[in-house]
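Descriptive structure summary
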Amino acid sequence: MAVRHFTPALFEFLFDLDVHNERAWFEANRERFERDVREPMLRFIADLQQPLRTVSPHLVADPRRQGGSMFRIHRDTRFARDKRPYKTWVAAQFRHELARDVHAPGFYLHMEPGNVHAGAGIWRPDPETLRTLRDALVDRAAAWRRVQAGAWRDAGWELGGESLKTAPRGYPADHPLIEDLRRKDLVASRPFTEEDVTSPGFLERYVDSCRRALPFMRFLCRAVGVPF
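The sections below set out a description of the structure shown in this document. In this text, all values refer to a predicted model and were calculated from it rather than measured experimentally.

Moving on: the packing of helix α1 (residues 8–19) against helix α3 (residues 30–55). Following both chains from N to C, one finds α1 and α3 inclined at 135 degrees, their axes separated by 8 Å at the closest point. When the axis of α1 is compared with that of α3, the two are oblique. Crossing geometry of α1 relative to α3 is assigned as left-handed. Only R32, F33, D36 and V37 of α3 make contact with α1, whose side of the interface consists of A9, L10, E12, F13 and D16. Considering only residue class, the contact of α1 with α3 consists of five nonpolar, no polar and four charged.

So this is what it looks like as structure tokens:
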């Protein structure tokens, strides 16, 4: 029987948090956060461990409360103009097992009112890794075009992220893949609805979406020299 991990109460809490983004309100509603947001997400991550290994044995779903796959709800406001203390979304990242040593691809899940999506790829790579990725696009152009034309697009995946306004240094402005060479990230996203998330069987749908993105992830892993 398909399991239902999340309920509409998750989005209701996040909506209210957006309206009352202050410590006093959060502390008064901490029980709601634990019951409706953190505990369901940690159960989802724990239940994802084995299915995710069928996608790749090198990806990690870590259900620890601190330092695991789930992002903290607290914002880092030290250098931010926006001093609101809490994020108004909940998310988890499923990193490559070598991610602590190298910049490696991973999967992502983001949930907030009106914005639910899965993510895949490498976000904000360091300059050396980004150049390695761009060189892979040039050196393996035919393989990259096959990835772009693959069935993962039919499953809703689309490339995104930020791009340079001009060609990166060392690459010709008229290169056939210049649009991709200008990317600052090599990431893709696939939208879901709040109804998707709160329905039984969402974990299986998420895993299936990750599996559809395998050609993209394999290309990136090969480019940065990590197993997949």
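The discussion continues.
So, on to the nonpolar core. F94, F107, M111 and Y206 are the most contacted members of the largest nonpolar core, which totals 63 residues. Among the elements that take part in this core, α3 stands out by supplying nine residues, more than any other. Every residue in contact with F107, bar those within four places of it in the chain, is listed here: L52, V55, L59, A92, Q93, F94, G119, A120, Y206, C210, A213 and M217.

So, about the environment of R32. Mapping R32 onto the fold places it in helix α3. Once the C-alpha coordinates of R32 and S199 are considered, the two residues, 167 residues apart in sequence, prove to be 20 Å apart. Not counting residues up to four positions away in its chain, the partners in contact with R32 are E12, F13, D16, W25 and V37. At 3.1 Å, the side chain of R32 and the side chain of D16 are in polar contact.

Time to look at the environment of L42. Along the polypeptide, L42 turns up in helix α3. Spatially, the C-alpha atom of L42 lies 8.5 Å from that of D62, the residues being 20 residues apart in sequence. When neighbours within four sequence positions are excluded, L42 is seen to be in contact with P63, R64, R65 and M70.

This part is about the pattern of salt bridges. Taken as a whole and assessed by the stated rule, the structure comprises 18 salt bridges. Where D180 meets R183, a salt bridge forms, and the shortest distance between an N and an O atom there is 2.8 Å. Residue classification places D180 among the buried positions, given a relative accessible area of 6%. We note a salt bridge from R205 to D196, for which the minimum N-O separation is 2.7 Å.

Let us now look at the packing of aromatic side chains. Inspection of the entire model under this criterion finds 16 aromatic pairs. Where F192 meets F202, the ring centres are 5.1 Å apart and the plane angle is 85 degrees; that geometry is what we call edge-to-face. Taken together, the residues F192 in strand β5 (residues 186–192) and F202 in helix α8 (residues 202–212) connect sequence positions ten residues apart. Accessibility assignment for this pair places F192 and F202 in one class, buried. A connected cluster of aromatic rings, assembled from ring pairs, spans F6, F44, F94, F192, F202 and Y206. One Lys or Arg, R190, reaches over the ring of F192 and ends 4.0 Å from the middle of that ring.

About the cut-offs
- Residues numbered from 1 in each chain as written.
- Predicted model: local features only at pLDDT ≥ 70, side-chain atom pairs only at ≥ 80, totals over all residues.
- Heavy atoms only, no water.
- Axes fitted to C-alpha atoms, helices over the stretch in contact; angles between N-to-C directions.
- Helix = DSSP H or I, 4+ residues; strand = E, 2+ residues; numbered from the N terminus.
- Parallel < 35°, antiparallel > 145°, perpendicular 65-115°, else oblique.
- Left-handed = near helix turned anticlockwise from the far one by under 90°.
- Contact = heavy atoms within 4.5 Å.
- Nonpolar A, V, L, I, M, F, W, Y, C, P; charged D, E, K, R; others polar.
- Core = buried A, V, L, I, M, F, W, Y, C linked by side-chain atoms within 4.5 Å.
- Buried < 20%, exposed > 50% of the residue type's maximum accessible area, 1.4 Å probe, protein only.
- Polar contact = N/O pair within 3.5 Å; in protein donor to acceptor, adjacent residues only side chain to side chain.
- Salt bridge = Lys/Arg side-chain N within 4 Å of Asp/Glu carboxyl O.
- Phe/Tyr/Trp six-rings, centres within 6.5 Å; stacked < 30°, edge-to-face > 60°.
- Lys NZ or Arg CZ within 6 Å of the ring centre and 35° of its normal.

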